[in-house]
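Residues per chain are reported as follows:
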Amino acid sequence: VQLQASGGGLVQAGGSLRLSCVASGVTFSRYAMGWFRQAPGKEREFVAALNLESGITGYAGSVKGRFTISREHAKSTVYLQMNSLKPEDTAVYYCAIDRRFSIRYTSSAAEYDYWGKGTLVTVSS
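Fair warning: this is a prediction, and the values are worked out from it, not measured in the lab. (Residues numbered from 1 in each chain as written. Predicted model: local features only at pLDDT ≥ 70, side-chain atom pairs only at ≥ 80, totals over all residues. Heavy atoms only, no water.)

Asks: Run through the packing of aromatic side chains, naming residues and quoting values.
Replies: All told, the structure shown has five aromatic pairs when counted by the stated rule. On the numbers, 5.7 Å between centres and 70 degrees between planes, the contact of F36 with F46 is edge-to-face. Of this pair, F36 sits in strand β4 (residues 32–38) while F46 sits in strand β5 (residues 45–51), placing them ten residues apart in sequence. Take F36: its relative accessible area is 1%, and that puts it in the buried class. Centroid distance F46 to Y105: 6.3 Å. Interplanar angle 5 degrees. Geometry classified as stacked. Of this pair, F46 sits in strand β5 while Y105 sits in the loop between β9 (91–98) and β10 (114–115), and the two are 59 residues apart along the sequence. Three or more aromatic residues joined by ring pairs form one cluster here, namely F36, F46, Y105, Y112 and W115. Over the face of the ring belonging to Y94 we find R44, whose NZ or CZ atom lies 4.0 Å from the ring centre. The residue whose ring lies beneath R44 is W115, and the NZ or CZ to ring-centre distance is 4.6 Å. (Phe/Tyr/Trp six-rings, centres within 6.5 Å; stacked < 30°, edge-to-face > 60°. Helix = DSSP H or I, 4+ residues; strand = E, 2+ residues; numbered from the N terminus. Buried < 20%, exposed > 50% of the residue type's maximum accessible area, 1.4 Å probe, protein only. Lys NZ or Arg CZ within 6 Å of the ring centre and 35° of its normal.)

This is the structure we're talking about:
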C-alpha cells in the first residue's frame, strides 16, 4: 500500500488549497481514508475522514464548514479542499488509510495503518 499526498504550498489567510492523496496497492472502494495534520511542536491531530464504502464523512470542529473531503474513484484519489484558510491551519498534512472494514470512520490516528509522507501547508497572515 502506498499513499502519495500533494498539493501543499504557501497561501495567504483567507485563501484556498486542495490537497490530493493517491492510493495504490489497495482496493480503493473499501475502507476509510483520513487527513491529519501536525504543526511544529504539536501533536498530530485529526482533520477529516471519509469512508469509501459508505460515503460517510467527518470533520474536526476547527475545520468544519471550511474544509471538504471528497473522492474520485477512477483516480483512486481522496481530496481535501481547504477554504478560508487561517494561519493556525499551518501544518504538515498527512493522508492515511484505515483498512478495517466498516461503514464508518475513526478520528483516532492509531487506527490508520498506512500513512503518506505529508505535504506542507503554510498560511501567512
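Asks: Just give me the short version of a nonpolar patch on the surface, but keep the residues and values in it.
Replies: Residues I56, I103 and Y105 make up a contiguous nonpolar surface patch of about 240 Å² in total accessible area. Here Y105 falls in the partly exposed class, since its relative accessible area comes to 31%. (Patch = residues over 30% accessible without salt bridge, like charges linked within 9 Å, V, L, I, M, F, W, Y side chains within 5 Å. Areas by Shrake-Rupley, 256 points an atom, 1.4 Å probe, with all protein chains shown as cover. Salt bridge = Lys/Arg side-chain N within 4 Å of Asp/Glu carboxyl O.)

Asks: How would you summarise the sheet that holds strand β7 (residues 67–72) if you had to cite specific residues and measurements?
Replies: Taken together, the four strands give an open sheet; going across it, the order is β1-β3-β8-β7, and neighbouring strands pair in antiparallel fashion. Across the chains shown, the open sheet's two edge strands, defined by having one partner strand only, are β1 (2–6) and β7. Sheet twist, expressed as the mean angle between neighbouring strand axes with direction ignored, is 15 degrees. Here β1 runs beside strand β3 (residues 17–24); their pairing, made up of five bridges, is antiparallel. Paired with Q2 across the strands is S24, a residue of β3. (Pairing = 2+ DSSP bridges. Axes fitted to C-alpha atoms, helices over the stretch in contact; angles between N-to-C directions.)

Asks: Can you lay out the side chain of T77 for me, pointing to particular residues and giving the numbers?
Replies: As for its position among the elements, T77 is in strand β8 (residues 77–82). Look at T77 and you get buried, because its relative accessible area is 4%. With residues up to four places along the chain from it excluded, the contact list for T77 reads S20, C21, V22, F28, S70, R71 and E72. (Contact = heavy atoms within 4.5 Å.)

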